[in-house]
Amino acid sequence: MTSSARYAAAGLPHVSTNAEAPAAVLEDIARADAQGQKLLRDAAETMRLSARGYHRVLRVARTLADLDGADAVGRLHLADALSYRALSADARRAA
């Protein structure tokens, strides 16, 4: 399912990308399995993610799942999204 179709089905026809999705809707649309949720919860504590950072990781993970053709966000999608965030933080510290 495409992002725009997914959000239209959720009653948000004006939303066409994961980046535009409200956080409350994103929580449902990017819900991971139990292992993925544990990974995200542990990483949020370790990396001290703010609510905004947490939702940005979810948006990236949902996009990665879309690119992978997966209906659900998996642990691997979340791990990749978190690794991109860690790389970005490392680059900011190095600058």
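See the structure shown above.
No experiment lies behind these values; they were computed from the predicted model shown. (Residues numbered from 1 in each chain as written. Predicted model: local features only at pLDDT ≥ 70, side-chain atom pairs only at ≥ 80, totals over all residues. Heavy atoms only, no water.)

Remarks on the overall build of the protein
The condition is simple: A helix here means a DSSP run of H or I that spans at least four residues, while a strand means a run of E at least two residues long, and both kinds are numbered starting from the N terminus. Accessible surface area values rest on a Shrake-Rupley calculation with a 1.4 Å probe, where residue burial reflects the displayed protein chains alone. Charged-residue counts in this description rest on Lys and Arg as positive and Asp and Glu as negative, His and the chain ends being excluded. Note that the charge is assigned to NZ on lysines, CZ on arginines, CG on aspartates and CD on glutamates.
Scanning the protein for helices and strands turns up five helices and zero strands. Overall, the protein shows an N-to-C arrangement of helices and strands of α-α-α-α-α. Seen through its principal axes, the protein has C-alpha atoms that stretch 40 × 30 × 20 Å. Carbon and sulfur atoms make up 55% of the accessible area of the protein, which amounts to about 5,900 Å² in all. Treating the 13 positive side-chain charges of the protein as one cloud and the 11 negative ones as another, the clouds have centres 7 Å apart.

Some remarks on the environment of Ser50
We apply this condition: Throughout this description, buried means an accessible area under 20% of the type-specific maximum (1.4 Å probe, protein chains only), exposed means over 50%, and partly exposed covers the range between. Here a polar contact is recorded for every N or O atom pair within 3.5 Å, except that within protein the pair must consist of a potential hydrogen donor and a potential acceptor, and residues adjacent in sequence are included only if both atoms are side-chain atoms.
Relative to the helices and strands, Ser50 resides in the loop between α3 (34-46) and α4 (51-68). We classify Ser50 as partly exposed; its relative accessible area is 43%. Sequence spacing of Ser50 and Lys38 is twelve residues, and the spatial spacing of their C-alpha atoms is 17 Å. In terms of polar contacts, Ser50 uses its side chain to reach the backbone amide nitrogen of Gly53, at 3.1 Å.

Notes on the nonpolar core
It is characteristic of soluble globular proteins that their nonpolar side chains tend to be buried jointly. This is how the line gets drawn: Here the nonpolar core consists of buried residues drawn from Ala, Val, Leu, Ile, Met, Phe, Trp, Tyr and Cys, with membership extended through side-chain atoms lying within 4.5 Å. By the convention used here, residues are in contact when the closest approach between their heavy atoms is within 4.5 Å.
Among the nonpolar cores identified, the biggest contains 22 residues, and Tyr7, Leu40, Val57, Leu58, Val73, Leu78 and Leu82 are the most heavily contacted of them. Mapped by element, the contributors of at least two residues to this core are α2 (23-29), α3, α4 and α5 (75-94). Top element by residues in this core is α4. It accounts for five residues. Aside from chain neighbours lying at most four places away, what touches Val57 is Leu40, Leu49, Leu78, Ala81, Leu82 and Arg85.

Some points on unusual backbone geometry
You will see that Arg48, though not glycine, has its phi angle at about 55°, which is positive. Relative to the elements of secondary structure, Arg48 occurs in the loop between α3 and α4.

Concerning α3
What counts here: Expected span of a helix, by definition, is 1.5 Å for each gap between consecutive residues, and there is one gap fewer than residues. What the arc covers is the set of directions going from the helix axis to the C-beta atoms.
Taking 1.5 Å of rise per residue, the 13 residues of α3 would be expected to cover 18 Å, and the 18 Å separating its terminal C-alpha atoms lies within 8% of that figure. Here α3 has its buried residues at Gly36, Leu40, Ala43 and Ala44. Buried residues along α3 cover an arc of 105° about the axis, so they all sit on one side. When the buried face of α3 is taken as reference, the exposed residues oriented beyond 90 degrees from it are Ala34, Gln35, Glu45 and Thr46.

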